[in-house]
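The chain contents come next:
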Amino acid sequence: MVTPLPPAGTPLCRADEVRSGQARGCLPDEDGQDRVFIVRHGEVLHAWRNACPHIPGAPMAWKRHAYLSPEGTQVMCHAHGARFEPDTGLCVHGPCLGRHLLPVPLRQEADGWLRLA
Ligand code: FES
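Conventions we followed
Residues numbered from 1 in each chain as written. Predicted model: local features only at pLDDT ≥ 70, side-chain atom pairs only at ≥ 80, totals over all residues. Heavy atoms only, no water. Core = buried A, V, L, I, M, F, W, Y, C linked by side-chain atoms within 4.5 Å. Buried < 20%, exposed > 50% of the residue type's maximum accessible area, 1.4 Å probe, protein only. Contact = heavy atoms within 4.5 Å. Pairing = 2+ DSSP bridges. Helix = DSSP H or I, 4+ residues; strand = E, 2+ residues; numbered from the N terminus. Axes fitted to C-alpha atoms, helices over the stretch in contact; angles between N-to-C directions.

By the naming in an unreviewed UniProt entry, the chain is Rieske (2Fe-2S) protein, taken from Ideonella livida.

Caption draft 1: Region of the structure containing the nonpolar core. In this structure, F37, V39, C52, M60, V75, F84 and L101 are the most contacted members of the largest nonpolar core, which totals 16 residues. What F84 contacts, discounting residues up to four positions off in sequence, is C52, P53, M60, Q74, V75, C77, G89, L90, C91, V92, C96 and L101.

Caption draft 2: Seen up close, the sheet that holds strand β6 (residues 83-84). Spatially, 3 strands are ordered β5-β6-β7 in an open sheet, and the strand pairing comes out antiparallel. A single partner strand is all that each edge strand has here, and the edge strands are β5 (75-76) and β7 (91-93). In this structure, β5 lies alongside β6, joined through 2 bridges in antiparallel fashion. Counterpart to V75 in the pairing with β6 is F84.

Caption draft 3: Main features of the pairing of strand β4 (residues 44-49). The buried count for β4 comes to 5 of 6 residues, which makes it a mostly enclosed element. Across 6 bridges, strand β3 (residues 34-41) lies against β4 in antiparallel orientation. Among the inter-strand pairings, V39 is bridged to a residue of β4, identified as H46. Between β3 and the antiparallel strand that follows it, β4, lie 2 residues; G42 among them carries a positive phi value of about 65°.

Caption draft 4: Spotlight on the sheet that holds strand β1 (residues 11-14). Pairing is antiparallel across the open sheet formed by 3 strands, whose spatial order is β1-β9-β8. The outermost strands of the open sheet, each flanked by one partner alone, are β1 and β8 (106-108). Averaged over all pairs of adjacent strands, the angle between strand axes in this sheet comes to 25°, irrespective of strand direction. Here β8 pairs with strand β9 (residues 113-116) via 3 bridges, running antiparallel. What sits directly across from Q108, in β9, is L114.

Next comes the structure, spelled out in structure tokens:
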């Protein structure tokens, strides 16, 4: 099960905390699992739920902020190795091939903060 998100406007992190080739988890739940992670693809930031489509609700990182493949070019679920395009969320390799990550609406404020839209 995917836990609900807080209301629009909730702060996530600053945009400059998400560098190219890196990801950042945010909004930890009561168990300490990030509900959302953000990836920079080129100059564009994308936010996804930390919930693998292989096993609905399964967290994807093996440690905090570890959402990318070793080469930093794809999102990766470390449970069974599924890989996803960072900009579309499409699974391109692994047990949930052809399925998608759940997108999270994101807005960037003039002060550099990223918030839920
Ligand atoms: S739970 Fe993500 S690949 Fe299996």
